[in-house]
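Descriptive structure summary
Here are the chains, one letter per residue:
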Amino acid sequence: MLVEKAKKGNKSALNTLLTQNYELLKGYALKMTGDPHLSQDIIQETMLKAVVHIERFKPRAKFSTWLITIATNVYRDTLRKNRNTVFIDETMEASVAGLEETALNNIKYKVVTEILMGLPYEKRSVFILKHYYGYSYEEIAEILKCPIGTVRSRLHNGIKQILSEMEKRRMLD
Amino acid sequence: MNFKGKRIKKVIDNYYEAKTSSTEENYFQRYQIDEVEEKFNKAMEKMDVVNNAAHEIDVNTFQIIAEGESIKVRRREKKEFIMFLVLAACILFVVVSLSILVSMKIFIYLQVALITIMPFSIIPIAVIAKKGEKL
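A few points on the structure.

Conventions adopted
- Residues numbered from 1 in each chain as written.
- Chains lettered and ligands numbered in written order.
- Predicted model: local features only at pLDDT ≥ 70, side-chain atom pairs only at ≥ 80, totals over all residues.
- Heavy atoms only, no water.
- Phe/Tyr/Trp six-rings, centres within 6.5 Å; stacked < 30°, edge-to-face > 60°.
- Buried < 20%, exposed > 50% of the residue type's maximum accessible area, 1.4 Å probe, protein only.
- Lys NZ or Arg CZ within 6 Å of the ring centre and 35° of its normal.
- Helix = DSSP H or I, 4+ residues; strand = E, 2+ residues; numbered from the N terminus.
- Expected span 1.5 Å × (residues − 1).
- Contact = heavy atoms within 4.5 Å.
- Axes fitted to C-alpha atoms, helices over the stretch in contact; angles between N-to-C directions.
- Parallel < 35°, antiparallel > 145°, perpendicular 65-115°, else oblique.
- Left-handed = near helix turned anticlockwise from the far one by under 90°.
- Nonpolar A, V, L, I, M, F, W, Y, C, P; charged D, E, K, R; others polar.

1. Things to note about the packing of aromatic side chains
Residues and elements named next belong to chain A. Using the criterion set out here, one finds 8 aromatic pairs over all chains in the structure. Ring geometry for Phe127 against Tyr132: centres 5.8 Å apart, planes inclined by 85°, an arrangement best described as edge-to-face. Taking relative accessible area as the criterion, Phe127 reaches 0% and is therefore assigned buried. Taken together, Phe57, Phe63 and Trp66 form an aromatic cluster joined through their ring pairs. Stacked on the ring of Tyr132, the Lys or Arg Lys31 has its end atom at 5.0 Å from the ring centre.

What follows is the structure in structure tokens.
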């Protein structure tokens, strides 16, 4: 219903759609890039493309899935253009729990982000979509435009790489 | 520990199947946890720390919508301009061809017809089209 209104040019409906899916998009972009500044660019570019091409959205899939697909393509294009090393943000918002806990969480966050960013883009995207967002293999295959077998294989290999890396860092003792 | 065997694949498949399935059957099938599965569960728990990241990312959705709308308008205008040029070229081609093949008088007859008929056809059509857009 909201999507139909947005397609007809209702800006309020469009704004509601974007706002409702903002947190999901933000979380996905941060996990994919490991960089809040790059994430902001990805989010803005994704939302802009969604506004411009809203007529192309077919309601058979969820709007959030469509946004994730656009964000994945935007990030892939960014990687192709830049091929820079990814900046891992070392600052995090201080939590209410306390400075020591914040420092520990920051270290854990940094290490896990390093491990995640150590995965090649194809394996990282599959792992993020499966582990953090619970997409099915079929949905991931549609988002990444690859066969389901490839999705499973990338997931298995990605997780094996994560496990090996954690073992090296003695995080599983 | 070697994570290359078939065991780790089974652990991964079972883990994500259990996550999506809520049946008791899956829960009781996993009563035997070996070292591979234990390390896997530990690793996945540690990977969840990125869910707690608190980054402030400021995005103005209204500004993005306005920019998107202006891009759409520019693209539509460009498309309409190209269509106009193509249509004008076609009409000109037809008129010139007729003038050459039949007679130059056709050109004059056409001019007179356009000047007299146009105000009574094009303008009402444009008004109706604009009213239709507003609706």
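2. What to know about helix 4 (residues 61-101) of chain B
Taking 1.5 Å of rise per residue, the 41 residues of helix 4 of chain B would be expected to cover 60 Å, and the 59 Å separating its terminal C-alpha atoms lies within 8% of that figure. Residues Thr61(B), Ile64(B), Ile65(B), Gly68(B), Glu69(B), Ile71(B), Lys72(B), Val95(B), Ser97(B) and Ser99(B) constitute the buried set of helix 4 of chain B.

3. Some words on the side chain of Ser125(A)
You can see Ser125(A) is positioned in helix 7 (residues 121-132). If near-sequence neighbours (up to four positions away) are discounted, Ser125(A) is found in contact with Tyr28(A), Met32(A) and Leu144(A).

4. Description of the packing of helix 9 (residues 148-168) of chain A against helix 3 (residues 35-47) of chain B
Running from amino to carboxyl end, helix 9 of chain A crosses helix 3 of chain B at an angle of 90°, the nearest separation of the two axes being 10 Å. Taken together, the axis directions place helix 9 of chain A and helix 3 of chain B in an arrangement best described as roughly perpendicular. Where helix 9 of chain A abuts helix 3 of chain B, its residues Ile159(A), Ile162(A), Leu163(A), Met166(A) and Glu167(A) lie against Lys39(B), Phe40(B), Ala43(B), Met44(B), Lys46(B) and Met47(B).

5. Focus on the environment of Val36(B)
With respect to the secondary-structure elements, Val36(B) resides in helix 3. Along the sequence, Val36(B) and Val11(B) sit 25 residues apart, while their C-alpha atoms lie 7.8 Å from each other.

6. Concerning the packing of helix 3 (residues 22-33) of chain A against helix 7 of chain A
Residue and element names in this part refer to chain A. Closest axis-to-axis distance for the helix 3/helix 7 pair is 10 Å, and the angle between their directions is 145°. Every pair of crossing elements has a handedness; the one defined by helix 3 and helix 7 is right-handed. Judged by residue contacts, Tyr28, Lys31 and Met32 of helix 3 engage Tyr121, Arg124, Ser125, Ile128, Leu129 and Tyr132 from helix 7. Residue classes in the contact of helix 3 with helix 7 are distributed as 6 nonpolar, 1 polar and 2 charged.

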